[in-house]
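Remarks on the overall topology
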Amino acid sequence: KKSEQQRTGLKFIFFVGTASQSMSVKGNDGVKYNLKGNNSFSELAVAYPISQQLEVLGLLGNTPFKTKETTSDGVEHSTEISYTKIGGLVRYSFLPGDFKLWLGGGLNYLLASSKKSNVLNEDKIGAQQSISLSFGADFGLGQGMSIPLIGEYALIPPSGSVSTQETRIFTGFSYQLD
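Report follows, based on the coordinates. (Residues numbered from 1 in each chain as written. Predicted model: local features only at pLDDT ≥ 70, side-chain atom pairs only at ≥ 80, totals over all residues. Heavy atoms only, no water.)

**Some words on the sheet that holds strand 5 (residues 99-117)**
Pairing between sheet strands relies on hydrogen bonds along the backbone, with the strands arranged either parallel or antiparallel. The line we're drawing: At least two bridges found by DSSP between two strands is the condition for calling them paired. Strands are runs of DSSP state E lasting at least 2 residues, helices are runs of H or I lasting at least 4, and numbering of each runs from the N terminus. To get an axis, a line is fitted to the C-alpha atoms, and for a helix only the part in contact is used. The angle between two axes follows their N-to-C directions and goes from 0 to 180 degrees.
An order of 1-2-3-4-5-6-7-8 is seen for the eight strands of this closed barrel, with the pairing classed as antiparallel. Strand-to-strand twist across the sheet, computed as the mean angle between neighbouring axes with direction ignored, equals 20°. Alignment of strand 1 (residues 11-26) against strand 8 (residues 162-176), held across 15 bridges, turns out to be antiparallel. Paired with Phe 14 across the bridge in strand 8 is Phe 173.

**Description of unusual backbone geometry**
The condition is simple: Throughout this description, buried means an accessible area under 20% of the type-specific maximum (1.4 Å probe, protein chains only), exposed means over 50%, and partly exposed covers the range between.
For Gln 143, which is not glycine, the phi dihedral falls at a positive 55°. Classification of Gln 143 by relative accessible area gives exposed; the value is 55%.

**Considerations on the pairing of strand 4 (residues 76-93)**
In this structure, strand 3 (residues 54-70) lies alongside strand 4, joined through 17 bridges in antiparallel fashion. Residue Val 56 lies in a different strand from strand 4, and its bridge partner there is Val 90. Where strand 3 folds back onto strand 4 in an antiparallel hairpin, the turn is made up of five residues, including Gly 74, whose phi is positive at roughly 85°. Pairing of strand 4 with strand 5, which is carried by 15 bridges, proceeds in the antiparallel orientation. Its bridge partner being in strand 5, Ile 86 is matched across the sheet by Tyr 109. The antiparallel hairpin formed by strand 4 and strand 5 contains five residues in its connecting segment, where Gly 97 sits at a positive phi of about 130°.

**Regarding the pairing of strand 6 (residues 128-142)**
In terms of strand pairing, strand 5 meets strand 6 through 12 bridges, oriented antiparallel. Directly across from Leu 101, in strand 6, lies its bridge partner Ala 137. Direction of pairing for strand 6 relative to strand 7 (residues 145-159): antiparallel, over a ladder of 11 bridges. Bridged to Ile 131 within strand 7 is Leu 155. Once strand 6 ends, the chain turns through two residues before running back antiparallel as strand 7, passing Gln 143 with a positive phi of about 55°.

**A few points about the environment of Ala 127**
Inspection of the secondary structure puts Ala 127 in the loop between strand 5 and strand 6. Spatially, the C-alpha atom of Ala 127 lies 28 Å from that of Lys 11, the residues being 116 residues apart in sequence.

**Some thoughts on the packing of aromatic side chains**
Heads up, the condition is: Under the pairing criterion, centres of Phe, Tyr and Trp rings, with the six-membered ring standing for Trp, must be within 6.5 Å; the plane angle then separates stacked pairs below 30 degrees from edge-to-face pairs above 60, leaving the rest tilted.
What the rule picks out here adds up to four aromatic pairs. Measuring from centroid to centroid gives 5.3 Å for Phe 41 and Phe 170, while their planes differ by 75°, and the two rings are edge-to-face. Residue Phe 41 is located in strand 2 (residues 32-49), and its partner Phe 170 is located in strand 8; the two are separated by 129 residues in the primary sequence. The pair formed by Phe 41 and Phe 170 is uniform in burial state, with each residue classed as buried. Here Phe 99 and Phe 139 contribute two aromatic rings whose centre-to-centre distance is 5.3 Å and whose plane-to-plane angle is 50°, an arrangement assigned as tilted. With Phe 99 in strand 5 and Phe 139 in strand 6, this pair connects stretches of sequence that are 40 residues apart. Looking at Phe 139, the relative accessible area reads 36%, which means it is partly exposed. Pairwise contacts between aromatic rings join Phe 15, Phe 41 and Phe 170 into one cluster.

**Regarding a nonpolar patch on the surface**
This is how the line gets drawn: The patches reported here contain residues having more than 30% relative accessible area and no salt bridge. Joining distances are 9 Å for like charges and 5 Å for nonpolar side chains (Val, Leu, Ile, Met, Phe, Trp, Tyr). Areas reported here follow the Shrake-Rupley algorithm with a probe of radius 1.4 Å; residue values treat only the protein chains shown as occluding. Note on definitions: salt bridges are taken to be side-chain nitrogens of Lys or Arg within 4 Å of carboxyl oxygens of Asp or Glu.
Together, Leu 10, Phe 12, Val 46, Tyr 48, Ile 50, Val 56, Val 90, Leu 141, Phe 173, Tyr 175 and Leu 177 make up an exposed nonpolar region whose accessible area comes to about 940 Å². Its place among the elements puts Phe 173 in strand 8. Classification of Phe 173 as partly exposed rests on a relative accessible area of 37%.

Pasting the structure below:
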């Protein structure tokens, strides 16, 4: 029986979580809006261990971005974009073993698969890149299985009059091969 610290194979991870999203935008009408939203998402990851403390992850997921603001005159301004996320993350474990405490950083490519907005020009909504910083803990269950708990801050670099950010909390299940 191998301990979690002795496993060197690929790790497969399924994540689900919730995201708090915000967008500051100068709308088509020239007015600045601060839209906010909370959404659920899911992701799959494959992790390759470089060492006992360093892992590289490849990510694929569905990331909805839905924000809105209702002005004092009762008009709702909203943006709804469904992204397919392809990304990579490097994470460093401070406590390797059955309980891992780690920090990570990543880059993501977001492909817009559907879009609807009354504050942005929909023709200009396309692929985006994001930078993420994350921290987490993996709770080992034995036999290569663990439960991750993760917090993440993601920033889409500003473009023109649009500034976007996201804070995510998620968990899941992982299995690591021998």
